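Residue-level structural notes
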Amino acid sequence: SMSIAQKGMNIILEAIGAYKNDINFLVPVFTLIGHLAFAPENLKIIVQYGGIDLIIDSILSHPESKNLVIRCIQTLDNIAMHSSEQSKIVIQAGGEATIKEVITAYKSDKEVVQVGRSALLSMQPQVERRRAKPKYAFANERTSTVRHSTEDPLREYRNLLKTGVVLTHWSNSGPVSRHFYVKADFRQLAWRDPKKSARSEHTINIRDVRNVRSGLHDGHRRGRRQAKQDLAFTIIARATSIDLEARTTVDRERWVEALAALINTYKNEPQWLK
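As the structure is a prediction and not an experimental result, all values here were calculated from the model. Positions within a chain are numbered from 1, following the residues in the order the chain's sequence is written. Confidence filtering applies because this is a predicted model: local features only for residues at pLDDT of at least 70, side-chain atom pairs given and counted only at 80 or more, and all residues used for totals across whole chains, interfaces and linings. Note that water and hydrogens are dropped before the side-chain values are worked out from all heavy atoms of the structure.

**As for the nonpolar core**
Put simply, the test is: Joining through side-chain atoms within 4.5 Å is the link that ties buried Ala, Val, Leu, Ile, Met, Phe, Trp, Tyr and Cys residues into a set, and such a set is a nonpolar core. Working definition: with a 1.4 Å probe on protein chains only, accessible area under 20% of the residue-type maximum means buried, over 50% means exposed, and in between means partly exposed. Elements are defined by DSSP. Helices are runs of H or I of four residues or more, strands are runs of E of two residues or more, and each kind is numbered from the N terminus. What makes two residues a contact is simply this: any of their non-hydrogen atoms within 4.5 Å.
Counting 39 residues, the largest nonpolar core has Ile 16, Phe 30, Ile 33, Ile 73, Leu 76, Ile 79 and Ile 99 as its most contacted members. Put simply, the parts of the chain that give this core at least two residues each are α1 (2–18), α2 (23–36), α3 (40–48), α4 (51–61), α5 (66–80), α7 (95–105) and α8 (110–122). Broken down by element, this core gets its largest block of residues, eight residues, from α5. Among residues more than four places away in sequence, those in contact with Leu 76 are Ile 52, Ile 55, Ile 56, Ile 59, Val 90, Gly 95 and Ile 99. Core analysis: the next-biggest nonpolar cluster, separate from the first, contains 28 residues, Leu 154, Phe 233, Trp 255 and Val 256 among them.

**Examining the sheet that holds strand β5 (residues 209–214)**
Keep this limit in mind: Following DSSP output, two strands are said to pair if at least two bridges run between them. Where helices are involved, their axes are fitted lines through C-alpha atoms of the stretch in contact, as for all axes, and angles between N-to-C directions lie from 0 to 180°.
The antiparallel open sheet is built from seven strands, whose spatial order is β4-β3-β2-β1-β9-β8-β5. Edge strands, defined here as strands with exactly one partner in the open sheet, are β4 (202–205) and β5. Adjacent strand axes in the sheet meet at a mean angle of 30°, parallel and antiparallel pairs treated alike. Relative to strand β8 (residues 232–237), β5 runs antiparallel, the two sharing five bridges. From the neighbouring strand, Val 212 faces β8, where its bridge partner is Ile 235. With respect to the sheet, α4 is in contact with β5 and β8, its orientation differing from that of β5 by roughly 130°. Its contacts with the sheet put helix α11 (residues 249–268) on β1 (165–171), β2 (174–182), β3 (188–192), β5 and β8, and the angle it makes with β5 is roughly 160°.

**A closer look at the pattern of salt bridges**
What counts here: Counted as salt bridges are all cases of a side-chain nitrogen of Lys or Arg within 4 Å of a carboxyl oxygen of Asp or Glu.
Taken as a whole and judged by the stated rule, the model has 12 salt bridges. Residue Glu 111 is joined to Lys 66 by a salt bridge in which the shortest nitrogen-to-oxygen separation is 3.1 Å. Pair noted here: Glu 111 is in helix α8 and Lys 66 is in helix α5, with a separation of 45 residues, a long-range link. What makes Glu 111 partly exposed here is its relative accessible area of 44%.

**Observations concerning the packing of α2 against α5**
Here is the rule: For classification, angles of less than 35 degrees are called roughly parallel, those exceeding 145 degrees roughly antiparallel, those between 65 and 115 degrees roughly perpendicular, and all remaining angles oblique. Crossing handedness is read from the near helix: turned anticlockwise from the far helix by less than a right angle, it gives a left-handed crossing, and turned clockwise, a right-handed one.
Closest axis-to-axis distance for the α2/α5 pair is 9 Å, and the angle between their directions is 20°. For the element pair α2 / α5, the angle class is roughly parallel. Handedness of the α2/α5 crossing: left-handed. Residues Ile 23, Leu 26, Val 27, Phe 30, Thr 31, Ile 33 and Gly 34 of α2 lie in contact with α5, whose contacting residues are Asn 67, Leu 68, Arg 71, Cys 72, Thr 75 and Asn 78.

**Side note on the packing of aromatic side chains**
Inclusion rule: Any two rings among Phe, Tyr and Trp, with Trp reduced to its six-membered ring, count as a pair given centres within 6.5 Å; such a pair is stacked if its planes are under 30 degrees apart, edge-to-face if over 60, and tilted if neither.
Taken as a whole and assessed by the stated rule, the structure comprises two aromatic pairs. Geometrically, the ring pair formed by Phe 180 and Trp 191 is stacked, given 5.4 Å between the ring centres and 15° between the ring planes. Taken together, the residues Phe 180 in strand β2 and Trp 191 in strand β3 connect sequence positions 11 residues apart. We classify Phe 180 as buried; its relative accessible area is 1%. A relative accessible area of 10% places Trp 191 in the buried class.

Right, here's the structure in full:
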């Protein structure tokens, strides 16, 4: 396996990028990477060529594909279980947060929940791992350790989110200007044509939003036109993505920060949504 990893990992990961929408291709490829990750000497190579980011991106791009999601989570599990260092790398890349979102989305599917909890256990500190129960017991509910804020986590973002901002929405028909804002109950993101009435409004529930990412996404390209890298960001939801472009880098960073705070508050401290 060391020979495959050394000579072919870059080719394998490039192929994932080229065939990122082909589920039938991705499932066996991530199975292969999962097997390679069993060998500690292969881990550095997988990390070096951006394998962890590709795994997480595949989960976020295809959350509806159960088989792919399971293979990706198992691969992250194999990487994280080797050491605290590898576990930290997976967590910092967003692996832990992504797996928690998958568990929430698939909460009625015991197989996905068990695979997800197994991976989360592998990301615990070494001391906690030794105390952990065997993997077959993961289906049991565990006590939440989320700390609740004593101050409003949305205090500095509320006015910004409610007032909204005009952004370029890279829709299927091309880039168009849209006014984006959060509804009064902070549970829906809305957007509409600023030149039309409220009847043109579209909405998405915050509970369906998985994360917000800065930079270019597939939808930021339409023919020969493309959004600017330093102005682009994407809202990734359960069944879709919203590709946006801000007018300034300050606007982009402010809105990515505000939306991330809103998503985190919705999931972990919904009592502040008022």
